[in-house]
Amino acid sequence: FVRHPVRAFLRTRLGVSLADRSHEVDDALPVDLDALERWGVAERMLAARLAGADLDDCIAAERARGLLPPGELATPVLSKITPTLEQLVAVGRSDVEPSSLDVNVRFPDETSLIGTVAHLRGDVLHTVTYSSLSPAHRLIAWVRLLALSAAWPERTFGAVTIGRAREGVGGAKVTTATIQALEGDAATRQGVAMAYLRTLVDLYRRGMCEPLPLYSKTSAAWAAAVHEGKDPDKAASRVWTSEFNHPREDQEREHRLVLGGVVGFEWVLGGSGAPRGDEEGDDWDPSQKTRFARYACRLWDGLLDREELVDR
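Attention in this report is confined to the structure presented alongside it. (Residues numbered from 1 in each chain as written. Predicted model: local features only at pLDDT ≥ 70, side-chain atom pairs only at ≥ 80, totals over all residues. Heavy atoms only, no water.)

## Notes on the overall build of the protein
To keep it simple, the criterion reads: Helix and strand labels come from DSSP, where a helix needs a run of H or I of at least four residues and a strand needs a run of E of at least two; each type is numbered from the N terminus. A contact between two residues is defined here by any heavy atoms of the two lying within 4.5 Å. Methods summary: accessible areas were calculated by the Shrake-Rupley approach with a probe of 1.4 Å, and residue burial reflects only the protein chains presented.
In terms of regular secondary structure, the protein is built from 11 helices and six strands. In terms of overall dimensions, the protein has C-alpha extents of about 65 × 50 × 40 Å along its principal axes. Long-range contacts, defined as pairs at least 24 residues apart, comprise 66% of the intrachain contacts of the protein with a sequence gap of at least 6. Counting only carbon and sulfur atoms, one obtains 52% of the accessible surface of the protein, whose full area is about 16100 Å².

## Some points on the side chain of His126
Worth spelling out the cut-off: Residue burial is assigned from relative accessible area. The probe radius is 1.4 Å, only protein chains are included, and a residue is buried under 20% of its type maximum, exposed over 50%, and partly exposed in between.
Relative to the helices and strands, His126 resides in strand S3 (residues 124-132). Judged by its relative accessible area of 14%, His126 is buried.

## Some remarks on the sheet that holds strand S4 (residues 158-164)
Applied cut-off: In this analysis, strands are considered paired if DSSP registers two or more bridges between them. Geometry is summarised by axes, namely lines fitted to C-alpha atoms with helices restricted to the contacting stretch, and by angles between N-to-C directions that run from 0 to 180 degrees.
Across the sheet, which stays open at both edges, the six strands sit in the order S1-S2-S3-S4-S5-S6 with mixed pairing between neighbours. Each of the sheet's edge strands pairs with one partner strand only, and the pair in question is strand S1 (98-106) and strand S6 (307-311). Each adjacent strand pair in this sheet contributes to an overall mean axis angle of 30°, direction not counted. As paired elements, strand S2 (residues 112-121) and S3 share two bridges and run antiparallel to each other. Bridge pairing links Arg121 to Val124 in S3.

## Describing helix H1 (residues 5-13)
Looking only at H1, the buried set comprises Pro5, Val6, Ala8, Phe9 and Leu10. Close packing links the buried residues of H1 with helix H6 (186-207) and helix H9 (253-259). Just beyond H1, the residue with positive phi is Gly15, at close to 70°.

## Here's the deal with the pattern of salt bridges
What counts, and what does not: Here, a salt bridge means any side-chain nitrogen of Lys or Arg that lies within 4 Å of a carboxyl oxygen of Asp or Glu.
Summed over all chains, the structure comprises 22 salt bridges. Residues Lys217 and Glu167 are paired through a salt bridge, measuring 3.9 Å at the closest nitrogen-oxygen approach. Of this pair, Lys217 sits in helix H7 (residues 216-228) while Glu167 sits in the loop between S4 and strand S5 (174-179); the two residues are 50 residues apart in sequence, bridging distant segments of the chain. Residue Lys217 is classed as partly exposed on the basis of its relative accessible area, which comes to 37%. Of the residues examined, Glu167 reaches a relative accessible area of 48% and is grouped as partly exposed. Here Glu167 ties to Arg248 by a salt bridge, and the two come within 3.5 Å at their closest N and O atoms.

## So, the pairing of S3
Across a regular strand the side chains alternate sides, sitting on one face of the sheet and then on the other. Here is the rule: A crossover gets the label right-handed when its path from the first strand over the helix to the second runs clockwise, viewed with the strands pointing away from the viewer.
Between S2 and S3, which pair antiparallel one after the other, the connecting turn spans two residues, and Gly122 there sits at a positive phi close to 70°. Relative to S4, S3 is paired through six bridges, and the arrangement is parallel. Across the sheet, Val128 pairs through a bridge with Ile162, a residue of S4. What joins S3 to S4 is helix H5 (residues 135-151), and the crossover it makes is right-handed.

## What to know about the nonpolar core
If you look at soluble globular proteins, the nonpolar side chains tend to sit buried side by side. Counted only if it meets this: In plain words, nonpolar cores are sets of buried Ala, Val, Leu, Ile, Met, Phe, Trp, Tyr and Cys residues tied together by side-chain atoms within 4.5 Å.
In this structure, Trp142, Leu146, Leu148, Ile179, Leu299 and Trp300 are the most contacted members of the largest nonpolar core, which totals 36 residues. Those elements giving two or more residues to this core turn out to be S1, S2, H5, H6, H7 and helix H11 (291-304). Top element by residues in this core is H5. It accounts for nine residues. Setting aside chain neighbours within four positions, we find Leu146 in contact with Leu182, Ala193, Tyr196, Leu197 and Leu200. Ranked by size, the runner-up nonpolar core spans 21 residues in total, among them Cys58, Leu88, Val89 and Val160.

## Side note on H5
Each α-helix winds once per 3.6 residues, and so residues spaced three or four apart point in a common direction. Where we set the bar: A helix's residues, less one, multiplied by 1.5 Å, set its expected span.
With 17 residues, H5 ought to run about 24 Å at 1.5 Å a step, and its terminal C-alpha atoms sit 24 Å apart, in line with that. A large share of H5 lies buried, amounting to 13 of its 17 residues.

## With respect to the packing of H5 against H11
This is how it is decided: An angle counts as roughly parallel when it lies under 35 degrees, as roughly antiparallel when it exceeds 145, as roughly perpendicular when it falls between 65 and 115, and as oblique in every other case. Throughout, a crossing is termed right-handed when the near helix is turned clockwise from the far one, and left-handed when it is turned anticlockwise from it by less than a right angle.
The N-to-C vectors of H5 and H11 enclose an angle of 70°; their axes lie 10 Å apart at closest approach. In this view, H5 runs roughly perpendicular relative to H11, as classed from their interaxial angle. At the point where H5 passes H11, the crossing takes the left-handed sense. Contacts from Pro135, Arg138, Leu139 and Trp142 of H5 reach H11 at Leu299, Trp300, Gly302, Leu303 and Leu304.

## Considering the packing of helix H2 (residues 35-50) against helix H4 (residues 74-92)
Definition in use: Throughout this entry, Asp, Glu, Lys and Arg are counted as charged residues, while Ala, Val, Leu, Ile, Met, Phe, Trp, Tyr, Cys and Pro are counted as nonpolar. The remaining residues, Gly among them, count as polar.
Contact geometry for H2 and H4: axes closest at 10 Å, N-to-C directions at 35°. In terms of crossing hand, the pair formed by H2 and H4 is right-handed. On the side of H2, the interface is formed by Arg38, Val41, Ala42, Met45, Leu46, Arg49 and Leu50, while H4 contributes Leu78, Lys80, Ile81, Thr82, Leu85, Glu86, Leu88, Val89 and Gly92. Residue classes in the contact of H2 with H4 are distributed as 10 nonpolar, two polar and four charged.

## Some remarks on the pairing of S2
Pairing between S1 and S2: eight bridges, direction antiparallel. By the bridge assignment, Arg106 is partnered in S2 with Ser112.

Below, the structure is given as structure tokens:
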């Protein structure tokens with residue numbers, strides 16, 4: 001749900017998936033990979049490098065897998081991948097063995113949050129990906145940190161998420177998102193984590209009843225601009241609106257379906273309407289006068305208060 005709220009509603013509640021699963025078999029000799037294929041190769045190599053494998057061994061394994069262009073045709077493909085890959089390895093390598101913890105949290109209304117959180121290294125939720133670091137990656141780390149803090153309050157968990165440079169950061173190759181541990185003693189940390197989790201559960205329940213005016217990157221841009229004292233309208237509009245040969249969230253199939261087509265950001269902001277009666281209270285920002293703005297801040301404020309982003 002935090003990865004893509006509208007898609008979660010369509011898939012979970014309506015059973016509607018708009019993913020394009022068609023794939024024509026190419027009978028020509030491949031000389032390059034598309035973005036998704038390149039990401040798959042890079043992600044496998046990154047996991048192996050972080051586990052201690054030698055770069056040459058990783059390259060040999062990918063060549064043997066048969067998904068790269070044959071022979072020397074694979075060299076240009078690998079040359080696009082390896083420099084950034086090695087930067088991610090340099091920043092993200094850890095000597096602490098990875099582990100996982102089970103989570104079983106029960107809320108006062110008898111709702112249960114059950115699952116397993118992986119990618120733990122000591123008390124740090126440590127994730128490295130070849131993907132560009134996106135709002136979804138950051139929110140997922142936040143949800144997992146809260147779940148760990150609620151289930152294991154005697155431990156002080158932090159989170160570090162490392163990926164290729166986030167969109168809009170010129171010159172950087174790698175972005176690191178760090179979330180500090182919740183403050184206070186064990187009881188305080190657990191109480192804070194439970195409060196934020198209740199907010200997220202409430203957002204999830206609302207998002208399973210209707211397609212909320214929550215759009216991953218656009219809502220993140222709005223909330224971040226509000227948090228930094230910048231112009232949220234300008235920041236969110238830039239992330240929402242597609243440019244020539246650069247599709248953005250206004251072009252996503254799910255958003256076009258629920259909004260009736262491609263619409264401008266002014267329509268997104270105004271069309272969401274004023275907050276409803278049940279969208280008021282202590283954990284809603286009263287300074288936000290539209291549903292879009294209010295939901296964006298409610299989802300993001302807790303994380304933005306505790307997160308540090310570093311581009312390098």
